[in-house]
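Coordinate analysis (summary)
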Amino acid sequence: MDFSSRISTKVAFALVSFFLGELGDGLNIFQGIYLVTLGWNEGSVGIALSMMGFTALIVQTFAGDIIDKTHFDRRAFLSLAAVATAISASAILLVTEGNNESDHMLIFSTKVMEGISSSFIGPCVAALTLATFGPDAFDEIMASNIFWGHVGSVASAVLAGLGGDMLY
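First, a word on what this report is: a plain description of the structure on this page. Note that the structure is a prediction, hence the values are computed from the model and not measured.

**Some points on the overall build of the chain**
A count of helical and extended segments in the chain gives six helices and zero strands. Its helices and strands taken in sequence order, the chain reads α-α-α-α-α-α from the N to the C terminus. With the C-alpha coordinates of the chain rotated into their principal frame, the extents come out at 55 × 35 × 20 Å. Taken over 168 residues, the chain has a buried fraction of 36%. Sequence-distant contacts, at least 24 apart, represent 81% of the contacts inside the chain between residues at least 6 apart.

**Looking at the nonpolar core**
What tends to happen in soluble globular proteins is that the nonpolar side chains get buried as a cluster. In this structure, L20, I67, L78, F120, I121 and V125 are the most contacted members of the largest nonpolar core, which totals 19 residues. Sorting the residues of this core by element identifies α1 (3-23), α3 (42-69), α4 (74-90) and α6 (121-167) as the ones contributing at least two each. Considering each element in turn, this core owes the most residues, nine residues, to α6. Core analysis: the second largest hydrophobic core is formed by nine residues, W40, A48, I92 and F108 among them.

What counts as what
- Residues numbered from 1 in each chain as written.
- Predicted model: local features only at pLDDT ≥ 70, side-chain atom pairs only at ≥ 80, totals over all residues.
- Heavy atoms only, no water.
- Helix = DSSP H or I, 4+ residues; strand = E, 2+ residues; numbered from the N terminus.
- Buried < 20%, exposed > 50% of the residue type's maximum accessible area, 1.4 Å probe, protein only.
- Contact = heavy atoms within 4.5 Å.
- Core = buried A, V, L, I, M, F, W, Y, C linked by side-chain atoms within 4.5 Å.

The analysis is restricted to geometry; functional conclusions fall outside its scope.
In structure tokens:
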């Protein structure tokens, strides 16, 4: 791999990490606030977000092992995990005003799905980084991936806050 293709590959990984960061933590706090404005009580919001976190905690234990052992293309696996995470996070748009049971079940189930699918994103990125750059550059590139993921989380939080301020 020559230097110019390695640089462009680093940029590609940084961009992927940035946009994956937008799927993660940046939106959850705004989803919680949005649900409260629709009439949900804070306890129900806390349960929904905790279900996602608890599911992710359990699944992450196995996600890395599954990614390491799979023969499925890890780029496709990453894409599927990102799309499933985005779809489950977008389910909040289907919630109606009020505090009804069907909306609770929708959000609770999609938060569990989001916890499962998001657990595969980190191991996929790590496996792809190792396969692309090798063990010598792994630490440097993973540090960059994590940095750009956090920048993406901050960007999504800022955009969600600005969007909410302009719309409401």
